[in-house]
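Coordinate analysis (summary)
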Amino acid sequence: MRFDVLTLFPEMFEPIQQSILGRASKNHILEFNFINMRDYSKNKHLKVDDTPYGGGAGMVMIPDVVYDAYSSIPNKENAKVIYLSPQGKQLNQAKVQELSEEEHLILLCGHYEGIDQRVLDEIVNEEISIGDYVLTGGELPAMVLIDSVSRYVEGVLKEESTKEESFSNGLLEYPQYTRPEVFRGKKVPEVLLSGHHENIQKWRQEKSLEITKLKRPDLLK
């Protein structure tokens, strides 16, 4: 799967090129390309924004800078272009899995008071938000989207790793334990030491329901 990211701060994306995603990139399962939109400014000072028509606080990103940066991406005809925006539909597990079926995503990261609407109308297929709050730019939401979507791309993780986790079946995940068997006087639940797979599965399901009811009762609806 290929991600092209249109951003003013490509250096912010270093963390997602580490660990599991970094390994998937080295193995050519994932491909990351970060396009600095400032490189497409026609201004000698590399300015990428201007004052909004109609007045108001803040600055707005210039449409031709965004469009020219987008136009530089090769083989973009079948890509899905996503604008990370607080006005978008909220990212959830269903959307994550849907996007993981795509072969090529182009992510547009806005800044300041946003991007000239004309270029958004021209190139964007979908707007996505990661929550009902405002951030200084689209880079952090883009990283969240890349991380969550990449986990469902074949070959990035072992398949079983995504089958029994929070939200995979509409519930939160059951508690996990590892060695030592006793930690500060607290013992691992006996059922997990029993080797009885049917009882373990039943316990995990009960715990998932219990935790979901306690922490996220809205999911049970």
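Right, let's walk through the structure included here. For clarity, every value in this text was computed on a predicted model and none was experimentally measured.

Considering helix H7 (residues 197-215)
The end-to-end C-alpha distance of H7 is 26 Å, a good match for the 27 Å that 19 residues give at a rise of 1.5 Å each. Among all positions of H7, only Ile200, Trp203, Ser208, Ile211 and Thr212 are buried. All buried residues of H7 lie within an arc of 160° about the axis, which places them on one face of the element. Of the exposed residues in H7, those oriented more than 90 degrees away from the buried face are Glu198, Lys202, Gln205 and Lys213. Buried residues belonging to H7 abut helix H6 (190-193).

Things to note about the packing of aromatic side chains
Summed over the entire model, instances satisfying the criterion amount to 4 aromatic pairs. These aromatic residues form a ring-pair network of at least three members: Phe3, Phe13, Phe32 and Phe34. Here the guanidinium or amino end of lysine 76 rests over the ring plane of tyrosine 70, the centre of that ring lying 5.6 Å away.

Observations regarding the pattern of salt bridges
Counted under the stated rule, the structure contains 12 salt bridges. One salt bridge connects aspartate 64 with lysine 42, and the closest N-O pair in it is separated by 3.8 Å. Of this pair, aspartate 64 sits in helix H2 (residues 63-71) while lysine 42 sits in the loop between strand E2 (31-36) and strand E3 (49-50), and the two are 22 residues apart along the sequence. Its relative accessible area of 33% is what places aspartate 64 among the partly exposed residues.

Side note on H2
Within H2, burial applies to Val65, Val66, Ala69 and Tyr70. For H2, the angular spread of the buried residues around the axis is 130°, confining them to a single face. Among the structural elements, strand E1 (2-7), E2, strand E4 (60-61), strand E5 (80-90), strand E6 (104-109) and helix H4 (117-123) are those in contact with the buried residues of H2.

Let's talk about the side chain of lysine 95
Inspection of the secondary structure assignment puts lysine 95 in helix H3 (residues 93-99). At 2.8 Å, the side chain of lysine 95 forms a polar contact with the side chain of glutamate 126. Those residues in contact with lysine 95 that lie beyond four places of it in its chain are Glu126 and Ile128.

Considering the nonpolar core
Counting 26 residues, the largest nonpolar core has Phe3, Leu30, Ile82, Leu105, Leu107, Leu145 and Ile146 as its most contacted members. Listed by contribution, the elements that provide at least two residues to this core are E1, helix H1 (19-26), E5, H3, E6 and helix H5 (139-150). Looking at this core element by element, the count peaks at 5 residues for H5. The residues contacting phenylalanine 3, other than those within four sequence positions of it, are Leu30, Glu31, Phe32, Asn33, Leu105, Leu107, Ile146, Val149 and Ser150.

What counts as what
- Residues numbered from 1 in each chain as written.
- Predicted model: local features only at pLDDT ≥ 70, side-chain atom pairs only at ≥ 80, totals over all residues.
- Heavy atoms only, no water.
- Helix = DSSP H or I, 4+ residues; strand = E, 2+ residues; numbered from the N terminus.
- Expected span 1.5 Å × (residues − 1).
- Buried < 20%, exposed > 50% of the residue type's maximum accessible area, 1.4 Å probe, protein only.
- Arc of directions from axis to C-beta.
- Contact = heavy atoms within 4.5 Å.
- Phe/Tyr/Trp six-rings, centres within 6.5 Å; stacked < 30°, edge-to-face > 60°.
- Lys NZ or Arg CZ within 6 Å of the ring centre and 35° of its normal.
- Salt bridge = Lys/Arg side-chain N within 4 Å of Asp/Glu carboxyl O.
- Polar contact = N/O pair within 3.5 Å; in protein donor to acceptor, adjacent residues only side chain to side chain.
- Core = buried A, V, L, I, M, F, W, Y, C linked by side-chain atoms within 4.5 Å.

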